[in-house]
Amino acid sequence: MARKKVAAKSTELDTKEFFSAISDIEQEKGIPKAYMLEKITQALVAAYKRDHEGITDNVVVDANEEAGTVRMYVKKDVVEEVDNPHTEISLEDAQKALPRAQLGDVLRIEIKPKNFGRIAAQTARQVIIQGMREAERGMIFNEFSSKEHEILTGTVTRVDERNGSVAIRLTSGSEFTDAFLSAGEQVKGEVIHEGDRVRVYVVEVRQATRGPQVLISRTHPGLVKRLFELEVPEIYDGTVQVMSIAREAGSRTKLAVWSDDENVDPIGACVGPRGQRVNAVVEELRGEKVDIIKWSEDPGQYVGAALAPADVISVTELEEGKSCRVVVPDDQLSLAIGKEGQNARLAARLTGYKIDIRPASAPEPPEEETPEKALEDGAADIPEEE
């Protein structure tokens, strides 16, 4: 019994299917049809140039959706003597193709290279796939770049035991991407497991070779600011402003707030009824302590408030740049300095002032101690306790 012959699947370009595919991509992915056609024609011209040395920019591709055709043409100048056969054609040869041709005319001659349909089909397929990838990356970049300096909630998909980094899948709108939370951007002592839902701060969104790269953090001061915005309506609507933040993630944060509305207590607004608002932020920060202080234009008041919970007797601005000397009661010295100097260090960062803390029993530094030494590195100077 004779076998039934089956026609081999054609690799030639099916123009009807080709234009239909581009229309479907425009509807489903939002990639403009004109963009895809431009990419495909550029790729076809580039492919032809690679195989035909001497061809310049005189090759064009005409993709006509109405006629359902994809054709390639080479444009040649009609001349008496041909110097470059790739760009010129003699008058005699031109009139064979077009009797009305004259010197100086530009003829558009259709190119019908062998296997053009197969090459066109392969090129179109590759460009469509690449174009879809580029467009999808562009949509992801646009979506997530609008979320810079915001908080997003993601799902932990993998924890790398070797370097401690965590892979987190982030979703925004209809788009999603994977980001990596490095060990340095994680709060010390915080344990993250696969499958956990984690809030992260979007520091920056970059265009990388493999697509958008979303840089995230759990230690950034901006995370605290955004958490307060979510919990405190007065911050969200601008009635209360966050003027400065200093943070040592996992341990302590100082937040300076201010309001130009005399009827609004900025600290009270952040604390909330029975401390509900600040407690919600502390819970999200896994118990990190938060000091809320009132910002002031007066450096003395501002620096004094920043050293809370310690009491301050006096604040004196010094001549050496943006620096000051603070005098506290002897029994408040350790509290003002804080454990390992943390309270003084955070106060200095919050205010931008170099702070020299002195006890009331010794308000002036020893004569041999220079102001430069006392204010070294911008940290609070911590005298030895007797």
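These numbers come from a predicted model, not from an experiment. (Residues numbered from 1 in each chain as written. Predicted model: local features only at pLDDT ≥ 70, side-chain atom pairs only at ≥ 80, totals over all residues. Heavy atoms only, no water.)

A. Quick peek at the environment of G138. Mapping G138 onto the fold places it in helix α4 (residues 116-145). The exposure class assigned to G138 is partly exposed, which follows from its relative accessible area of 22%. For the pair G138 and G211, spaced 73 residues apart in sequence, the C-alpha separation works out to 8.2 Å. (Helix = DSSP H or I, 4+ residues; strand = E, 2+ residues; numbered from the N terminus. Buried < 20%, exposed > 50% of the residue type's maximum accessible area, 1.4 Å probe, protein only.)

B. Representation of the environment of V202. One can find V202 in strand β8 (residues 197-208). A residue is classified by how much of its surface remains accessible, and V202, at 1% relative accessible area, is buried. Counting along the chain gives 18 residues from V202 to H220, while the straight-line C-alpha distance between them is 9.2 Å. When residues no more than four places from it in sequence are discounted, the contact partners of V202 are K147, E148, H149, E150, L152, V214, L215 and I216. (Contact = heavy atoms within 4.5 Å.)

C. Main features of the nonpolar core. Counting 23 residues, the largest nonpolar core has V326, L350, I355 and I357 as its most contacted members. Those elements giving two or more residues to this core turn out to be α9 (299-306), β14 (323-328), α10 (333-337), α11 (342-351) and β15 (354-359). At 5 residues, α11 tops the list of elements feeding residues into this core. With sequence-adjacent residues up to four places away left out, L350 is seen in contact with S244, I245, A246, K254, L255, A256, I293, Y302 and A306. Judged by nonpolar contacts, the second largest core, of 21 residues, contains I22, I31, I55 and V59. (Core = buried A, V, L, I, M, F, W, Y, C linked by side-chain atoms within 4.5 Å.)

D. Representation of the packing of aromatic side chains within the structure. Counted under the stated rule, the structure contains 2 aromatic pairs. For the pair W258 and W295, a centre-to-centre distance of 5.9 Å together with 75° between the ring planes defines the contact as edge-to-face. Residue W258 is located in strand β11 (residues 252-258), and its partner W295 is located in the loop between β12 (289-294) and α9; the two are separated by 37 residues in the primary sequence. Centroid distance W295 to Y302: 6.3 Å. Interplanar angle 65°. Geometry classified as edge-to-face. Of the two residues examined, W295 and Y302, each falls in the buried class. The rings of W258, W295 and Y302 are connected pair by pair, giving a single aromatic cluster. (Phe/Tyr/Trp six-rings, centres within 6.5 Å; stacked < 30°, edge-to-face > 60°.)

E. A look at the side chain of S23. When you line up the elements, S23 lands in helix α1 (residues 15-29). By relative accessible area, S23 is classed as buried at 17%. In this view, S23 contacts K33 and E65; residues no more than four positions away in its chain are not counted.

F. View of α11. Burial analysis of α11 places 8 of its 10 residues in the buried class, which makes it a mostly covered element. Burial in α11 covers these residues: Q342, N343, A344, L346, A347, A348, L350 and T351. Considering only its buried residues, α11 is in contact with β10 (241-248), β11, β12, α9, α10 and β15.

G. Representation of the packing of α9 against α11 in the model. Relative to each other, α9 and α11 sit at 145°, their axes nearing to 9 Å. Handedness of the crossing formed by α9 with α11: right-handed. Every residue of α11 that contacts α9 at Y302, V303 and A306 is listed here: A347, L350 and T351. Taken together, the residues that form the contact of α9 with α11 break down as 5 nonpolar, 1 polar and no charged. (Axes fitted to C-alpha atoms, helices over the stretch in contact; angles between N-to-C directions. Left-handed = near helix turned anticlockwise from the far one by under 90°. Nonpolar A, V, L, I, M, F, W, Y, C, P; charged D, E, K, R; others polar.)

H. Local environment of the sheet that holds strand β13 (residues 314-317). Pairing is mixed in the open sheet, where 3 strands are placed in the order β13-β14-β15. Both edges of this open sheet fall to β13 and β15, since each of them pairs with a single strand only. Here the strands of the sheet are splayed against their neighbours by 20° on average, with no regard to which way each runs. Bridge count for β14 against β15 is 6 bridges, and the pairing is parallel. Along β15, the bridge assignment pairs V328 with P359. Docked against the sheet, α9 engages β13, β14 and β15, running at close to 130° with respect to β13. (Pairing = 2+ DSSP bridges.)

I. Layout of the environment of R349. Along the chain, R349 falls in helix α11. Judged by its relative accessible area of 45%, R349 falls in the partly exposed class. Between the C-alpha atoms of R349 and A306, which are 43 residues apart in sequence, the distance is 9.7 Å. Contact partners of R349, with chain neighbours within four places excluded, come to A246, R247 and E248. Looking at R349, its side chain comes within polar contact range of the side chain of E248, at 3.4 Å. (Polar contact = N/O pair within 3.5 Å; in protein donor to acceptor, adjacent residues only side chain to side chain.)

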